[in-house]
Amino acid sequence: MWFLTQKKKRKKMVSNTIDLLQDELPVNQETLLISGDVKTGLVLVDIVNGFCTVGAGNMAPRFPDKQISEMVDESARLARAFCERKWPVYAFMDSHDPNVPEHPYPPHCFAGTDEAKLVPALQWLENESNVTLRRKDCIDGFLGSIEKDGSNVFTDWVKNNQIKAILVVGICTDICVLDFVCSTLSTRNRRLLAPLEDVIVYSRGCATYDIPVHVARTAEDVIAHPQNLMHHIGLYIAQGRGAKVVSEVSFDAKEL
């Protein structure tokens, strides 16, 4: 009984904190209707087993997670819609060399393992002609798209498809998604990503992991990472850097 009471208190405290954050650090979310009038590309960030499938690895959720499940569902819905229309999709897949650690995170998503594969709901993307898959070995997918000759696969994808807007979904809102969004915005601002104009982050299509404060206090070398708070902060920073944040995404019916 004591444990349940404490859990309810913590949940209420987090909820109150998010309400306070929304008042002090508001994220202004719009709705998005996608049509063929503006060439739009979908970017999927690290929706792999190692981050999303329960029990799949060190960075995967240990228990079913509502925020992550919704992110996967929404990402799969959008991917289907884009592929039905043969619109461009770019999918990042975290994939690491076991001998090159990614501090401060524990070993995860080793190349060639199930952890580094797309989640079951998205594995069909590997057979779609309009999809570009990019295995990356760093947090920032923009940097992870750089080839040895200095070219950038993501930049080429934008230019070759004449993309004016990208819709970004994936995990983690405040880490891999945010880093990619910030790098893309900086590159756009330098006029190196023409014709790209808008970077759009779909809040329900993004998620992050959860390490409550009370858990971090009892574990060694673990930093607290409350899920809902960090999700909000990730969206707020992305918005502050110039991204548009949306809470709903739909498609113009005439496009089918």
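This section reports on the structure supplied with the text. All of these numbers come straight from a predicted model, not from anything done at the bench. (Residues numbered from 1 in each chain as written. Predicted model: local features only at pLDDT ≥ 70, side-chain atom pairs only at ≥ 80, totals over all residues. Heavy atoms only, no water.)

**Topic: the pairing of strand β7 (residues 244–251)**
Two elements, strand β1 (residues 29–34) and β7, share 6 bridges in a ladder whose sense is parallel. Note on β7: the bridge partner recorded for Glu-30 is Val-246. Relative to β7, strand β6 (residues 198–207) is paired through 3 bridges, and the arrangement is parallel. Following the sheet pairing, Ile-200 is matched in β7 by Lys-244. (Pairing = 2+ DSSP bridges. Helix = DSSP H or I, 4+ residues; strand = E, 2+ residues; numbered from the N terminus.)

**Remarks on the pattern of salt bridges**
Two side chains bearing opposite charge may form a pair once their charged atoms approach each other closely. Taken as a whole and judged by the stated rule, the model has 10 salt bridges. One salt bridge connects Glu-70 with Arg-204, and the closest N-O pair in it is separated by 2.9 Å. In this pair, Glu-70 sits in helix α3 (residues 66–84) while Arg-204 sits in strand β6, placing the two residues 134 residues apart along the sequence. The class for Glu-70 is partly exposed, based on a relative accessible area of 30%. Judged by relative accessible area, which is 26%, Arg-204 ranks as partly exposed. Put simply, Glu-74 and Arg-77 hold a salt bridge, and the shortest N to O gap is 2.9 Å. Of the two residues, Glu-74 and Arg-77 both sit in helix α3, 3 residues apart, roughly one turn of that helix. Several salt bridges share partner residues, and in doing so they unite Glu-70, Glu-74, Arg-77, Arg-204 and Glu-248 into one network. (Salt bridge = Lys/Arg side-chain N within 4 Å of Asp/Glu carboxyl O. Buried < 20%, exposed > 50% of the residue type's maximum accessible area, 1.4 Å probe, protein only.)

**Details of the packing of aromatic side chains**
Taken as a whole and judged by the stated rule, the model has 10 aromatic pairs. Taken together, a centroid distance of 5.2 Å and an interplanar angle of 65° make the contact between Phe-92 and Phe-180 edge-to-face. On the criterion of sequence distance, the pair formed by Phe-92 in strand β3 (residues 89–94) and Phe-180 in helix α6 (residues 176–189) is long-range, its members being 88 residues apart. Here Arg-85 stacks its cationic end above the ring of Trp-87, 5.6 Å away from the centre of that ring. (Phe/Tyr/Trp six-rings, centres within 6.5 Å; stacked < 30°, edge-to-face > 60°. Lys NZ or Arg CZ within 6 Å of the ring centre and 35° of its normal.)

**Overview of the packing of α6 against helix α8 (residues 227–241)**
Helix packing geometry: the angle between the two helix axes and the distance between the axes. Axis separation between α6 and α8 bottoms out at 10 Å; the angle between their running directions is 0°. Classified by the angle their axes make, α6 and α8 are roughly parallel. Between α6, through Leu-178, Val-181, Cys-182 and Leu-185, and α8, the contact on the second element is made entirely by Gly-234, Ile-237, Ala-238 and Arg-241. The residue makeup of the contact of α6 with α8, split by class, is 6 nonpolar, 1 polar and 1 charged. (Axes fitted to C-alpha atoms, helices over the stretch in contact; angles between N-to-C directions. Parallel < 35°, antiparallel > 145°, perpendicular 65-115°, else oblique. Contact = heavy atoms within 4.5 Å. Nonpolar A, V, L, I, M, F, W, Y, C, P; charged D, E, K, R; others polar.)

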